[in-house]
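A look at the structure
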Amino acid sequence: MNMAVVVSGALVPAVLLVLAWLMPSLTPPDLPFGVRIPAARRNEPAIVGQLRPYRRWLVGWGAVVPVAGCVLAGFFPDGAGAEVVGTVPAFVVLAVYVTGYTRARRAVLAAKQAGGWYEGLRQGVAADTSLRTSRQPFPWLWALPSVLLTAATAAIGAARYDDMPQRLPMYFGFDGTAVGFADKSVGVAFVPVFGQVALTALITATVWAVLRGRADLDPARPVASAAGHRRYVARMGAALLVLAAALDLSMLLAALRIWDGAGEIPPVLPLAPVAFGLAVLVVAAARTAQDSGPAAADGPDESTVEPDSGLVHADDDRHWRAGIVYVNRQDPALLVRKRFGIGWTVNAGNPRAVLLLLTSVALVVALTVAWRAPEHTTIAATDRDVTFTVDGTLTYGTVHVPAHRAGQRLAAALLLPGSGTTDRDGNQPPAMVVDTLALTANALDADGVMSLRFDKYDSGRTGPGAYRDDPGRIDMAAFTRQAEAAYAVMRDQPESDPRALLIIGHSEGALHALLAAHDVSPAPAGLALLAPQDQRLLDLISRQLGDQLDQLAAAGRVDAATAASNKAGITRAVADFRAERAADTSGLLPPFADLLNGLFSPYNSRFVRTDDATDPLQAARGIPPGTRVEVTCGTADSNVPCDTLPPFTAALRETGTASLVERRLDGVDHLLRPAAAPPQTKVLDPSVLDALHQFDQPWRRRA
């Protein structure tokens, strides 16, 4: 399920629905659905009767939208189209809200006109000069958290600047995944701080303007109404500054992730503080909704002090377009309180207010354009050297990034080599230079899949590393930890998509892929196991040596009795080694004795013992459920023949993989080449290339 669509297609519409439901309760009672009425008419059946149909309309139609948003999320598992599709439910909810509001407003207007509610009433406008001469003080203490959070963000950014990655995530999708990066600079790194300063300044200026704005007083009891207005602006001003602090906290939390070079910001991280700030604002609005209207004078204390003047609020509906847009050229006010909902709106009849609104919109558009990722700029393919340290060993590797659009996130595959001193390209020079892994990276490049390959222990630039002085200390787990560290490096590359991380392992590398898949985070989306080690190491070697003896006997180079006695001797030596007894290789043909003596030597015994203790079938059962898996075998592969694979694939099926594809590749040897290929030939069989393309098909990202 795509969290981008869940957030934008379900969570956001649900919040909008809740706010739409609360709107009538947040509006003064003499302004039902944005229509001005005399206070004595607020309990008219035509008004009270509109509230229930309005809310039924919201529930009946609007509540379907978040459910539909969750359904949409299921159709976009890889994020395709999320940016467009995810906005549709929110617009649908807005349309449902506007329709319900318009229907209710028209009904109230019709009743008002038909009943002549203002006929015979003395209309008036009230003003309280004390609101000018003794203004409500600015709540500086409530502004302090925003200032402190902004200062703290700037200080943390300055302290961490030198340690920040050279490329920082700057553009994020709806689900919090980074979709674009920028080179580190002061201007780039401190964008969150600049945002905090701008938001804090904007909200502070808004509070200042509200405290000095025109009060919409009830002429029936202007003194009590003025007191209610003071309470309203004081509480709402404080609530707005709490919202500013919440927004600044969100940007601080996002900044910490950005400065770490993280590939994503979990949506809950920035949304939780904002949700708290909005909740405070809604509660403040609900508590003070009636403080500046007729209800402000309804309490026993006010009514006994201030008698009703006999005036009613002037019918000013003509200045409100649809009860939402205020247009009054004779009113000098820049901001006026909204008639329906929370907060204030500009006076569209005041040129200064219009200029302020247009300037704000232009600023938002300019910032959006300035920081928008250049989607149509194509970045050329490149190889990037990387290093990482694991268990005290500096490991060297290569990240290959295909050509892609700027800001585009790519599927990324970790390539793990087979046994022996195999380097990042899949070679053991000078004896074997076939570029198995380099050619695999090239094949993935054609599908827009980036890759990371590295020199494992005792190969390439990495060498023995921390095991230089005691090479017999290395074990199977050391190679798996090296693979897991490489996976983390690949995950953190600025172009990699954390939802589309893959591992492709060849031979012994496939076993490490299975072991790493159990521990890495996030779990790989797919595993390609090419000619995988499907048996315990010494079982595999015993079978290979037995096959060689059968071939020698068939060729007449040894007799059947010698072949049989050597097979028995190999079995006996393996049993001795597993029982930690001295392995007896006497009586074996020299090549076989030399091979086993080398494996069981102090130099190799620890690794061999720990590898042999690793059961590939058990490792296969441990991969995360839902992983897509492809397994290949070559009919010309004498190391891992196809007829040994069924128990291995059966174990994979037990995990509940999302899909398991088995590919039998005719005429392909263990090095993934055509069987007839001359030694040192750098080529992958066409069927291997096809298997790779079929495997990465769900995650292809072309420029």
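Residues numbered from 1 in each chain as written. Predicted model: local features only at pLDDT ≥ 70, side-chain atom pairs only at ≥ 80, totals over all residues. Heavy atoms only, no water.

Concerning the overall build of the chain
For the chain, the helix and strand inventory stands at 23 helices and 18 strands. Per-residue burial over the chain gives 50% buried out of 703 residues. Across the chain, the fraction of contacts at a sequence separation of at least 24, relative to all contacts at a separation of at least 6, is 73%. As presented, the chain carries roughly 31700 Å² of accessible surface, and 61% of it is formed by carbon and sulfur atoms. (Helix = DSSP H or I, 4+ residues; strand = E, 2+ residues; numbered from the N terminus. Buried < 20%, exposed > 50% of the residue type's maximum accessible area, 1.4 Å probe, protein only. Contact = heavy atoms within 4.5 Å. Areas by Shrake-Rupley, 256 points an atom, 1.4 Å probe, with all protein chains shown as cover.)

Section: helix α22 (residues 646-653)
Side chains that are three or four residues apart share a direction in an α-helix, a result of its 3.6 residues per turn. Residues of α22 that are buried include every one of F648, T649, A651 and L652, and no others. The arc that holds the buried residues of α22, viewed along the axis, is 155°, so those residues lie on one side. On the buried face of α22, the contacting elements are α16 (508-517), β16 (526-530), α21 (616-621), β17 (628-634) and β18 (659-665). (Arc of directions from axis to C-beta.)

Some remarks on the sheet that holds strand β11 (residues 393-401)
What the eight strands build is an open sheet, ordered β10-β11-β14-β13-β15-β16-β17-β18; its pairing is mixed. Strand pairing shows two members of the sheet lacking a second neighbour, β10 (382-390) and β18, which therefore form its edges. Within the sheet, the average angular offset between the axes of one strand and its neighbour, ignoring direction, is 20°. Looking at chain direction, β10 and β11 are connected through nine bridges and run antiparallel. Bridge pairing in β11 links T387 to Y396. Relative to the sheet, helix α14 (residues 436-445) contacts β11, β13 (410-416), β14 (450-454) and β15 (496-506), its axis offset from that of β13 by approximately 165°. Sheet contacts for helix α15 (residues 476-491): β10, β11, β13, β14 and β15; angle to β10, the most-contacted strand, approximately 130°. (Pairing = 2+ DSSP bridges. Axes fitted to C-alpha atoms, helices over the stretch in contact; angles between N-to-C directions.)

Remarks on the packing of α14 against helix α23 (residues 686-696)
Closest axis-to-axis distance for the α14/α23 pair is 10 Å, and the angle between their directions is 50°. Considered as vectors, α14 and α23 are oriented oblique to each other. At the point where α14 passes α23, the crossing takes the right-handed sense. On α23, the residues touching T440, A443 and L444 of α14 are L689, L692, H693 and D696. (Parallel < 35°, antiparallel > 145°, perpendicular 65-115°, else oblique. Left-handed = near helix turned anticlockwise from the far one by under 90°.)

Structural notes on the packing of helix α9 (residues 191-211) against helix α10 (residues 222-259)
Two elements in contact, α9 and α10, have axes whose closest approach is 9 Å; the angle formed by their N-to-C orientations is 175°. The orientation of α9 with respect to α10, classified from their angle, is roughly antiparallel. For the pair α9 and α10, the contacting residues are P192, G195, Q196, L199, T200, I203, T204, T206, V207, V210 and L211 in the first and V233, G237, L240, L241, A244, L247, D248, M251, L252, A255 and I258 in the second. Classifying every residue of the contact of α9 with α10 gives 15 nonpolar, six polar and one charged. (Nonpolar A, V, L, I, M, F, W, Y, C, P; charged D, E, K, R; others polar.)

Side note on the nonpolar core
Formed by 47 residues in total, the largest nonpolar core has its most connected members in L414, L452, L514, L527, L529, F648 and L652. It is α15 that contributes the most residues to this core, nine residues altogether. Leave out the neighbours within four places in its chain, and L652 touches L514, L529, A620, I623, V629, V631, T657 and L660. If you look at the next biggest cluster of nonpolar residues, it comprises 24 residues, including L211, M236, I342 and V346. (Core = buried A, V, L, I, M, F, W, Y, C linked by side-chain atoms within 4.5 Å.)

What to know about the packing of aromatic side chains
This model, assessed by the stated rule, comprises 16 aromatic pairs. Ring centres of F577 and F600 lie 4.3 Å apart, and the angle between their planes is 10°; this geometry places the pair in the stacked category. Highlighted residues: F577 in helix α18 (residues 560-578) and F600 in the loop between α19 (590-599) and α20 (605-612), separated in sequence by 23 residues. For the pair F577 and F600, one class covers both residues: buried. One cation-aromatic arrangement involves R337 over Y232; the distance from NZ or CZ to the ring centre is 3.7 Å. (Phe/Tyr/Trp six-rings, centres within 6.5 Å; stacked < 30°, edge-to-face > 60°. Lys NZ or Arg CZ within 6 Å of the ring centre and 35° of its normal.)

A word on the side chain of D669
The topology assignment puts D669 in the loop between β18 and α23. Its relative accessible area of 12% is what places D669 among the buried residues. Among the polar contacts made by the side chain of D669, one reaches the main-chain amide nitrogen of L671 at a distance of 2.9 Å. In this structure, D669 is in contact with A636, D637, P674 and A675, ignoring residues within four places of it in sequence. (Polar contact = N/O pair within 3.5 Å; in protein donor to acceptor, adjacent residues only side chain to side chain.)

Observations concerning the confidence of the model for the chain
Taken residue by residue, the chain gives an average pLDDT of 87. The fraction at 70 or more is 90%. Least confident of the elements in the chain is helix α12 (residues 300-305), whose mean pLDDT is 48; most confident is β14, at 98. Here residues 77-81 is modelled with pLDDT under 50, and outside its nearest four sequence neighbours on either side it reaches eight contacts, counting other chains as well. Segment residues 294-304: pLDDT under 50, and 21 contacts once partners within four positions in sequence are set aside and those in other chains are kept. (pLDDT = per-residue confidence, 0-100.)

Some words on the environment of D539
Tracing the backbone shows D539 in helix α17 (residues 537-554). Between the C-alpha atoms of D539 and T571, which are 32 residues apart in sequence, the distance is 9.1 Å. In this structure D539 touches R578 and D612, once residues within four positions along its chain are discounted.

Digging into α10
Its 38 residues give α10 an end-to-end C-alpha distance of 54 Å, which sits within 8% of 56 Å, the value for a rise of 1.5 Å per residue. Immediately beyond the C-terminal end of α10, within one or two residues, lies G261, with a positive phi of roughly 75°. (Expected span 1.5 Å × (residues − 1).)

Focus on the environment of V197
With respect to the helices, strands and loops of the structure, V197 is situated in helix α9. On the accessibility criterion, V197 (45% relative accessible area) is partly exposed. C-alpha of V197 to C-alpha of S146: the two residues are 51 residues apart in sequence and 9.0 Å apart in space.

A word on a nonpolar patch on the surface
Together, L141, L144, V147 and L148 make up a nonpolar patch on the protein surface, roughly 410 Å² of accessible area in all. Here L144 shows up in helix α7 (residues 140-160). (Patch = residues over 30% accessible without salt bridge, like charges linked within 9 Å, V, L, I, M, F, W, Y side chains within 5 Å. Salt bridge = Lys/Arg side-chain N within 4 Å of Asp/Glu carboxyl O.)

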